[in-house]
Amino acid sequence: MRRRLCSLVVVPVVGGVGLVAPATPAGAAPAASQAPVAQAASSEVYVSRTYCPYPGGTGDGTVDRPYCTISAAAAVAQPGQTILVQPGSYTETVAVTRSGASGAPITFRAVNGPAGHVQLGGSAGGHAFLLRGVHDVRVEGFSVRSSGTAEPVLVDGSTAVTVDTLTVRPPAGAAGVRVTGASSDVTVSRGWFGASGTSGVAIDAGVAGGVITGNQFRGGLTVTDAPGTAITGNTLVTGCTSGITVAGASPGVDLRNNIVQAADLSGGAPAACADPAAATAIALSPASVARSVADYNLIDPVSGGALYAWGDTAYTDLAAFRAGTGQGVHDIAADPKLTPQQGTERPWIALDPTSPAVDSADATAVGSGPVDLLGKARADAPGVPNTGTGSGYRDRGAVEVASPLTGTGTPTVSRKVGGDPYDIVTRLSWAHSWPAETDVVNAFAFRLGGDRFLQVGNGTVHEQRVRRAGLACVGVYFSADGFRTISDVNFVQSGCTVVGARYNPVTPTRLLDTRSGIGVGTSVPVGPNAEVLLPVPSIGGVPATNLDAVVLNVTATQPTTAGFLTVYPDGSALPSASSVNYVANETVPNLVTVPVTNGRIRFRNSSSGTVHIVADLQGWYGGSGSGFKPLVPVRVADSREGTGGPYLPDTTRELDLSSKVPADATAVILNVTVTASTTAGVLKVYPGSSLVPVASNLNFVAGQTIPNLVMVPVVNGRVNIYNQSSGTVHVIADLAGYFGSASSGADQTYVPFGPRRVADTRDGTGLSYRPVGPIAANSSITFSPQNVQGRQPCGSPALLCPTAVVANLTVTGSTRAGVLIGYPYNKPRPTASNVNFIAGETAANMAVIGTELGAVALYNASSGDTHVIVDQAGYFIAAAS
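Residues numbered from 1 in each chain as written. Predicted model: local features only at pLDDT ≥ 70, side-chain atom pairs only at ≥ 80, totals over all residues. Heavy atoms only, no water.

Right, let's talk about helix α2 (residues 318-325) for a bit. Among the residues of α2, the N-terminal cap falls to Asp317, whose side-chain oxygen and the backbone nitrogen of Ala319 are separated by 3.1 Å. Positive backbone phi, approximately 75°, marks Gly326, located one or two places after α2. (Polar contact = N/O pair within 3.5 Å; in protein donor to acceptor, adjacent residues only side chain to side chain. Helix = DSSP H or I, 4+ residues; strand = E, 2+ residues; numbered from the N terminus.)

Rendered as structure tokens:
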């Protein structure tokens, strides 16, 4: 057995626990007077009534603490931010008072998808959206109603505003969207405007540069004293009332690609109106004629009303209109062949494929875009002459006759090449059957496993960022109508990839010491088969939700009987793995890497006696930090060789690794062994040019040989090793890898996956190719690390397989003294060792070992046989390429 420590040797206590923030009581909310603050670092701000546990909207706009109201987000929105409003019904007037910037608008986006639509009704007597005196703002996708007689959306004195894909149901006598107050560069696009007896969109006097494009109206639209307004690609079904009315002095109006059907639809099929005089399709006042253009419009003549009232003259046929004005050269007077209205909450009217509107629009018209109201790409219908301009195949009106799709729809999920390790890409194999202007394929929703909210896109490639390392699976939903009809949404399939985390070394910090009450509030030792629950709510301001794993130096001290500690994440079942093995009255350290799932870690004493536990934080894995580069273990220090001799009492030596690691290395992994010690003591490994820390890495007694894995920050490639004892000791250090930048080769990332037992010679776990039994003298075994996809050995693709394994290696039942050496399968065996043991001893040490062909070899360098146990904590994966 290991020699016991004398009673004078204790594990030093580290101060500075302030690095870890105190836990917040469950359910605690900010004070009512506290103003909500958006996350300035994030471009996305979340609003959700469903997941809002904070009365009064006192969340912070994150996924975990979304705002309860849209107004709360609007009050703090910053340029470039997108307010993602989740499905649900909201009753409030959203008064937008904050502006974006050119190229960085503030966007309010309704996330309509499989979970439902976003409905916004104005508060008592008010608008749904009120934009007054702002600029660079977008409002997208909402179903809006107002209260009383107010317009659902009012844009007043504002510039560079876009109101897109809204479904608007105005009250009787009110416009759906009113633009007023000398506003400029306001676009109203791709919306649905229900019948109201008045204008769906009203552009008031003094407005300049307005664009009304791609909308559908169950009624008309009005422009009054607003020169230069563009009215493009709208579909108006008015029911025997006026369609487009340009009044007052509005010269320079551009009217193109619109479909107007002012017919009587009470019987189903379009029919003549009882009062044709009220059913003028397009009316332009005399003061608006100058510089105005009308062309490529499609008007249904069946109403009997005027196709155009141009100035003082009404024209009931195109020939007369062309002769009298020179306008409408490419206009069509015919049945537009509109299909019956579809949808309920977010309706639309489609074109019959035989409509004269197909492939006949002017693609150069102001506001004409490559996608239609439903988000479908403009496509070239086969067998239809292309009589339009530009591509020649855009359709008139708001809805395109779109291309059918080809492909299987099976998603492929992978990490983004050249991106951050947390960036993933979902690719879909669907494509257009017809030529199309973009690769937009209707609409998709993407649900990342474990995420609260879906993301909605409309292309075959979707990028997003995961929140945690591990298995990342994305489920894909498809909608043929842009999620306007939720009942028709189809689940496509899921795809998965694996994402790794980066490492962040820290100054060693004591988180737990049951002897002094640090971390637990009591100095009572841990009882038999009892557990300690350690909260780790944050590290250096990084919340536990963004911590994938922590690296701890865990020490068992003052045990009254033999046993072992198991360190594992709270919320998971107790694993069969062990982290630290000990015998009575022994002090034993071991490095432990443990996943963090809910901000708490458990330490279990598996013994019939009591034990004290000490845990020092060494670092953590998350979305930021340094990548890893494994190395073939190489000996970088051995005081038994050369002229230096053993470490003298209370002395420090600098270990220069600058020739072994790149200049930007942030930390190194060393397997450090002490041997031939003349008295008991501790060994400390710490960054070069730093003060000696209180935390220790190795505890030893006289004559003992004991290793421990160390992950230590480096300064200019240097670390220090301090012998804190009254005697001499030899020190051996083997370099196993380093952390640094991708440009220096450190591009591998860590996948937490454990602790879990992956190999055990005592019962054959993970070693089915060989008989159950110990490893013979001077012989090896091979095991395959597991991965989060459950394959052992790892299959394809290779980028998801472990490149190096992080595992606790335990030797037990050995008949002779020796060392255990881990190394990549089928590679030369190094001289560096991982575990030193003596006959009859149970000894353990954490190791980081590279893989080859998905496997690791373990060599028993002794003259006797021994059992070996492998408990995996995680693994590294290669960078995406």
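Once that is clear, we can look at the sheet that holds strand β53 (residues 681-687). The strand order β51-β56-β53-β54 describes an open sheet built from four strands, whose pairing is antiparallel. What marks the edges here is a single partner per strand, and that holds for β51 (651-656) and β54 (698-700). Looking at each pair of strands side by side, their axes are set apart by 20° on average, direction ignored. Pairing between β53 and strand β56 (residues 718-725): seven bridges, direction antiparallel. Residue Leu683 lies in a different strand from β56, and its bridge partner there is Asn723. (Pairing = 2+ DSSP bridges. Axes fitted to C-alpha atoms, helices over the stretch in contact; angles between N-to-C directions.)

Below, the discussion takes up the pattern of salt bridges. As enumerated under the stated definition, the model contains 32 salt bridges in all. Asp164 is the partner of Arg190 in a salt bridge, and the nearest nitrogen-oxygen pair spans 2.9 Å. You can see Arg190 sitting in the loop between β14 (184-189) and β15 (192-193) and its partner Asp164 sitting in strand β11 (residues 159-164), a full 26 residues away along the chain. Judged by relative accessible area, which is 6%, Asp164 ranks as buried. Put simply, Asp760 and Arg762 hold a salt bridge, and the shortest N to O gap is 2.9 Å. Exposure remark for Asp760: the relative accessible area of 2% places this residue in the buried category. (Salt bridge = Lys/Arg side-chain N within 4 Å of Asp/Glu carboxyl O. Buried < 20%, exposed > 50% of the residue type's maximum accessible area, 1.4 Å probe, protein only.)

Attention now moves to the state of the cysteines. Within this structure, the stated rule accounts for three disulfides. Each sulfur of the disulfide joining Cys52 and Cys68 lies 1.5 Å from the other. With a gap of 16 residues between them, Cys52 in the loop between β1 (44-47) and α1 (70-74) and Cys68 in the loop between β1 and α1 connect regions that are remote in the sequence. When its relative accessible area of 19% is taken as the criterion, Cys52 is described as buried. When its relative accessible area of 9% is taken as the criterion, Cys68 is described as buried. Note on cysteine connectivity: Cys240 is disulfide-linked to Cys273, with sulfurs 2.0 Å apart. Judged by the torsion about the S-S bond (-95°), the Cys240/Cys273 disulfide is left-handed. Taken as a pair, Cys240 in the loop between β21 (235-237) and β22 (244-247) and Cys273 in the loop between β24 (259-261) and β25 (282-284) lie far apart in primary sequence, 33 residues in all. Residue Cys240 shares its accessibility class with Cys273, and that shared class is buried. (Disulfide = S-S within 2.5 Å.)

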